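Structure assessment
Residues per chain are reported as follows:
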Amino acid sequence: MGAFLVRRLIWLPILLFFISLITFALGLYGPGDPVQVMMGLHANPETIERLRHEYGFDQPFYVQYLRYIGNALQGNFGYSLVKYRDQPVGKLIADALPATIQLNLLAIGLGVLIGVPLGLLAGLNRDSWLDLLVRAFVIAGISFPIIFLNPVLTFIFSRRHDLILPAANLAVSVGPILPMVQGRWEGLLSAKIILPALIESTGVIAIMTRQMRAGIIEVMNEDFIRTARAKGLRERLVIFRHALRNALIPIATILGLMLGGLVAGSFLVENWFGVPGVGALTFDALSSRDYYVVMAMVLLIAVAYVVSNLIVDLTYGYLDPRIRKQ
Amino acid sequence: MGTLLEVKDLRTEFHTQDGIVHAVNGVSFHVDEGETLGLVGESGCGKSVSMLSVMRLIPMPPGKIASGSVLFQGRDLVKVDDEEIRSVRGNKIAMVFQDPMTSLNPVLTINTQISEALELHLGMTKEQARKRAVELLKMVGIPEAEGRIDDYPHQFSGGMRQRVMIAMALSCSPQLLIADEPTTALDVTIQAQITDIVKRLKRELGMAIIWITHDLGVIAGLADRINVMYAGFVIESASNKELFANPLHPYTLGLLGSIPRLDEAHKAKLTPIEGLPPDLIEMPKGCPFHDRCAYRTDKCANENPALELGAVRHQVACWNWQDVQKLRATIKR
Amino acid sequence: MTQTRSPAGIDLPHRARSPQRRVVGRLLRNPPALIGLGVVAAMILCAIFAPQLAPYAYDAQDLSIARQAPSPAHWFGTDDLGRDMLSRIIWGARSAVFVIVMVMIVNLGLGVPLGAAAGYFGGWVETVVMRAADILFAFPGLLFVFFIAATIKPAILTWAREAGWRDLANSGYLDYAVVIIALGVIGWAGLARMVRAQVLAVKEREYVIGAQAIGVPTWKIIARHILPNALAPVIVALSMGLGDIALSEGYLSFLGIGLQPPAPSWGNILSDNAGRYWRMFPQMIWMVWIPGLILAAVVFAFNFLGDGLNEALNPELVD
């Protein structure tokens, strides 16, 4: 375990070095020249040349790269070139993070609360109609494109529907049930967050359900479950004391890795619903080739991924006694 | 001594995508109180499945007990409700499984795993159960039992884990212990230790034992009586001495021929049985052993022989056991 | 191959029947997998026979019939420019199949040899390949695909112009190249990890050691003895991944980096209709749900197929 950790800790900066190198080469040094982006297509070539020199974009690759990294290590990730012109990227991201984290927390929470019991039920009643239903639901959860769910769910939930049945002389109006986000972001405790969180959670629910179902099926086939039954334990006890804990270990792992994804906004959802999070920020930046923002986001997400991996490895021992003493 | 367990015409099937696997095909036998019965056969012959059927531990679906009865203390275990079968499991009938590495729950302490049966069946409190668990660990020869009771299974070696399994099985003083190849997964030296522990505990506690094995060598020193199984049938049943002295079924002869014997090592070669066991989905019509049998006649391919008395307290299911006996007698001379 | 595990450790006899026939048999007895197979087959047929099947040209505009609801003349209605949606969707199948097949080839072509080499040779080869895969995994999935697509697109266009292929640069074909490169570069890492794990598991088997002992060349050992045994999980992962490729193509087009109209793609049909126009004409929800359901059905189909293959290749006792 100790040697493993040391290897991991040495690997971390190497990984970040490669990630930053690739992103830098593709984004800032490569074809998306920031000055060109900033000035637009019809700028005076002389002005562009002057600005390139001023910003140092005419210097060799390694000089530019080292300067970028040096600044980044001091918390300076450059400035937005387009939409939020001249605002520091670090501040833009810091301002956008709370909305994204709130949205993701709710989505993950919903995913666990719905997915784990659903997967458990399906796995325990394997091949029943319930299982088939849950499996279809899971596949639906990963199959419906977000760009489809966004307008369709918005249509269903945030519009007024008039049902008119002339025969019965009936006219009913339903909704809008949930508001669109528009306007100020009000955080976790507002109805605005429900629809985007629900759409973001479809993927989480699917992953959780699938893992839980597969996990419980695997564990229920283990020899020690037969041992527990041979003791005369009630099925409820067999499941909750002997099976569940074993089946939850991979769930905890996935959850840990998802926490790393907290800082990554879903740009399709955030953009559609107007959530002022990092996803929408990245979406704008990508569309307008505002690469300082994109680069910082890629780095942030990669660091979060690596760190959450490390945390998962560290805490694994508490969940699985087999690893604790090794 | 009275009869403790009586199994009559037990049939167990598994409904798989490829068809119905006929794992146990009308097995009948009994175990007396305090007796040790050996159950011998190749893997896949239905010996484990028949015992799991007795405990109703067959996964259902795909498994199914198609017919038969299992009489234990005046009750038919096939028919009693779930509540009642649970009161028998681990209490009156306990089981030790083959692989001690996978048969213990990796995330629960030894104490939890032994105590839960005591709390359930004997109504002990946590403290009482813990005390008893320590005694049980001492009984099966685990050193420093007090210090190890809160350890997890992975902290024990294979042999030690199997001792824990035995302690767990014996915790409620069962009348019948079913040992399903308890030594197969262990080193040879450890095998002997485990066998000795079971022998000693049987002397001390007096329970009946059904010992499942594919190894006639292991069972020779343990069992009072031996049942030989093949393709889901009991094909020969006799007392320990009788079976080794006077085997009547060609398959049993084959099994004996494949045991190395020190006293005739230079005379006879080891002779494996040719061929493979039959497909349990498409069972052959006649005797299940006929296409591997050196003594087969036309009748064998068409009719399946039932168990019949071949000698005193010695049953065999073979059309030609008398020829087998004669032929063997001439070879001996 | 895969270890058959019976429930509760009960030994069941091996069956002597051709394994290929059994896999196909199990697949054909699995209704969802059959449905998946049907949908995929339909998509491939649409792709092949798009010119014959489509009632109109995919880029024929007629503003006088813009945004019509489904009717006998236009089964799926018309879009904002009066183009027939059914025709665009049928042609879209061709784009989807082309992108999926090409990305699959790139993924396989990189992932299988790299993973096999890493598993078989170990040492520095393994270190380099697996660390590279780790790096790719650390990149945020979709964002990185977008990032690559967005950054290589101008490079490829410039390169094509400088090489004198002005026509090529102006046609939509380079868009396909961008999508395929972006998705292909990312997707191999997972496959390589999987193949490596399988190779490690098979490498120490007797028949491989036997082959080494009698001097069979290394590439032959890998190709003949190791890869076929590593195939099952790769097939499953691939068939599930194909749905993701179709989705990612849609998302790329949504961001304006993927296939550009008038080139037909389910992604750009959906993004056009769901993005700009739907906000203006929200009552025309069918403009969204028809292409959306078709894209979803294809992803569904690949997942069903993957699930079915998984169960057919890893048989357990199922009632």
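Before any of the text, the structure's been laid out above.
Described below are features of the structure shown in this document.

Cut-offs and rules
Residues numbered from 1 in each chain as written. Chains lettered and ligands numbered in written order. Predicted model: local features only at pLDDT ≥ 70, side-chain atom pairs only at ≥ 80, totals over all residues. Helix = DSSP H or I, 4+ residues; strand = E, 2+ residues; numbered from the N terminus. Buried ≥ 20, exposed ≤ 12 C-beta atoms within 10 Å, placed from the backbone. Contact = placed C-beta atoms within 7 Å. Pairing = 2+ DSSP bridges. Axes fitted to C-alpha atoms, helices over the stretch in contact; angles between N-to-C directions. Nonpolar A, V, L, I, M, F, W, Y, C, P; charged D, E, K, R; others polar. Expected span 1.5 Å × (residues − 1). Arc of directions from axis to C-beta. Left-handed = near helix turned anticlockwise from the far one by under 90°. Parallel < 35°, antiparallel > 145°, perpendicular 65-115°, else oblique. Core = buried A, V, L, I, M, F, W, Y, C linked by C-beta atoms within 7 Å. Domains from an automatic or database assignment.

**Looking at the overall build of chain B**
When its secondary structure is counted, chain B shows 12 helices and 12 strands. In terms of overall dimensions, chain B has a C-alpha envelope of 65 × 50 × 40 Å along the principal axes. Residue burial in chain B is summarised as follows: out of 333 residues, 47% are buried. Within chain B, residue pairs in contact and separated by at least 24 positions form 65% of the contacts whose partners lie at least 6 positions apart.

**Quick notes on the overall build of chain C**
Looking only at helices and strands, chain C features 12 helices and zero strands. The buried share of chain C, taken over its 319 residues, is 46%. Here the analysis covers contacts within chain C between residues at least 6 apart in sequence; of these, 71% occur between residues at least 24 apart.

**What about the sheet that holds strand 2 (residues 19-32) of chain B?**
Whether parallel or antiparallel, the strands of a sheet pair through hydrogen bonds between backbone atoms. All names here are of chain B. Strand order across the open sheet formed by four strands is 2-1-4-5, with antiparallel pairing between neighbours. Looking along the sheet, the strands with just one partner apiece sit at the ends: strand 2 and strand 5 (75-76). In the sheet, strand 4 (residues 63-72) pairs with strand 5 via two bridges, with the strands oriented antiparallel. From the neighbouring strand, F72 faces strand 5, where its bridge partner is R75. Docked against the sheet, helix 1 (residues 47-54) engages strand 1 (3-16), strand 2 and strand 4, running at close to 110° with respect to strand 1.

**Here we look at the interface of chain C and chain A**
Counting from both sides, the interface comprises 43 residues of chain C and, opposite them, 37 residues of chain A. Those elements that provide at least two residues to the side of chain C that touches chain A are helix 5 (123-138), helix 6 (141-162), helix 10 (218-254), helix 11 (266-280) and helix 12 (286-313) of chain C. Considered class by class, the residues forming the side of chain C that touches chain A number 31 nonpolar, nine polar and three charged.

**Some words on unusual backbone geometry**
Residue and element names in this part refer to chain B. One non-glycine residue, R56, adopts positive backbone phi at about 55°. Topologically, R56 is positioned in the loop between helix 1 and strand 4. Take R56: there are 19 C-beta atoms within 10 Å of it, and that puts it in the partly exposed class. Phi at Q73 takes a positive value of approximately 50°, unusual for a residue other than glycine. Along the chain, Q73 turns up in the loop between strand 4 and strand 5.

**Quick look at the sheet that holds strand 12 (residues 314-316) of chain B**
All names here are of chain B. With mixed pairing, the eight strands of this open sheet are ordered in space as 6-7-8-3-9-10-12-11. The strands lining the two open edges of the sheet, one partner per strand, are strand 6 (93-96) and strand 11 (308-311). For this sheet, the mean angle separating the axes of adjacent strands, direction not counted, is 25°. Sheet topology note: the strand 9 (residues 225-230)/strand 10 (residues 233-239) ladder contains six bridges and is antiparallel.

**So, helix 4 (residues 126-139) of chain B**
Residue and element names in this part refer to chain B. Compared with the 20 Å implied by 1.5 Å per residue over 14 residues, the 20 Å span of helix 4 between its first and last C-alpha is a close match. Here helix 4 has its buried residues at A129, R130, A133, L136 and L137. Buried residues of helix 4 fall within an arc of 120° about the axis and therefore sit on the same side. Facing away from the buried side of helix 4, by more than 90 degrees, are the exposed residues E127 and E135. Looking at the packing, one finds that the buried side of helix 4 touches helix 3 (110-121), helix 5 (145-148) and helix 6 (158-170). Positive phi shows up at G141, right after helix 4, with a value of about 80°.

**Brief notes about the interface of chain A and chain B**
When the parts of a complex come together, some accessible area is lost, and that lost area is often used as the size of the interface. Across the contact, 19 residues belong to chain A and 24 residues belong to chain B. Contributions of two or more residues to the side of chain A that touches chain B are made by helix 9 (223-230), helix 10 (235-260) and helix 14 (321-324) of chain A. Among the elements that take part in the side of chain A that touches chain B, helix 9 of chain A stands out by supplying seven residues, more than any other. Looking at side-chain class alone, the side of chain A that touches chain B contains five nonpolar, four polar and 10 charged residues.

**Re the pairing of strand 1 of chain B**
Residue and element names in this part refer to chain B. Alignment of strand 1 against strand 2, held across 11 bridges, turns out to be antiparallel. Bridge assignment links V7 to a residue of strand 2, and that residue is F29. Where strand 1 folds back onto strand 2 in an antiparallel hairpin, the turn is made up of two residues. Where strand 1 lies against strand 4, eight bridges are found, and the strand directions are antiparallel. Pairing of L5 across the sheet is with F72, part of strand 4.

**Points about the packing of helix 3 of chain B against helix 4 of chain B**
Residues and elements named next belong to chain B. With their axes 9 Å apart at the nearest point, helix 3 and helix 4 run at an angle of 115° to one another. The element helix 3 and its partner helix 4 pack so that their crossing is right-handed. Facing helix 3, whose interface residues are N111, I114, S115, L118 and E119, helix 4 presents K126, A129, R130, R132, A133 and L136. In terms of residue class, the contact of helix 3 with helix 4 is made up of five nonpolar, two polar and four charged.

**Some details on the pairing of strand 9 of chain B**
All names here are of chain B. Counting buried residues along strand 9, six of its six residues qualify, which places the element largely inside the surrounding structure. In this structure, strand 3 (residues 36-40) lies alongside strand 9, joined through four bridges in parallel fashion. Each bridged residue has a counterpart across the sheet, and for V40 the counterpart in strand 9 is V228. Counted between consecutive antiparallel strands, the loop separating strand 9 from strand 10 contains two residues, among which A231 sits at a positive phi close to 50°.

**Describing the environment of A:T154**
Along the chain, A:T154 falls in helix 7 (residues 146-157). On a C-alpha basis, the gap between A:T154 and A:P196 in space is 9.3 Å, while along the polypeptide they are 42 residues apart.

**Looking at the environment of A:G109**
Here A:G109 shows up in helix 5 (residues 89-124). Along the sequence, A:G109 and A:S201 sit 92 residues apart, while their C-alpha atoms lie 8.3 Å from each other.

**Details of the environment of B:L307**
All names here are of chain B. Here L307 lies in the loop between helix 11 (298-302) and strand 11. C-alpha separation for the pair L307 and R200, spaced 107 residues apart in sequence, amounts to 34 Å. Other than its neighbours up to four places away in sequence, L307 contacts V234, S237, Q315, V316 and A317.

**A word on the packing of helix 5 of chain C against helix 8 (residues 173-203) of chain C**
All names here are of chain C. Two numbers describe how helix 5 lies on helix 8: the axes approach to 9 Å, and their chain directions differ by 130°. Between helix 5 and helix 8, the angle is such that the two are oblique. Viewed along their axes, helix 5 and helix 8 form a crossing whose handedness is left-handed. Contact residues: helix 5 offers V129, A133, L136 and F137, while helix 8 offers I186, A189, A192 and R193.

**With respect to the nonpolar core**
Among the nonpolar cores identified, the biggest contains 260 residues, and A:V298, B:L176, B:L177, B:I210, C:V145, C:F146 and C:A149 are the most heavily contacted of them. Broken down by element, the residue count for this core peaks at 18 residues, all from helix 4 (residues 85-121) of chain C. Composition of this core by domain shows at least three residues from each of domain 1 (2-73) and domain 2 (93-325) of chain A. Those residues in contact with C:F146 that lie beyond four places of it in its chain are A:L286, C:L252, C:L255 and C:I257.

**Comments concerning helix 3 (residues 45-55) of chain A**
The element helix 3 of chain A is barely covered by neighbouring structure, given that only zero of its 11 residues are classed as buried. With its phi angle positive at about 85°, A:G56 sits one or two positions after the end of helix 3 of chain A.

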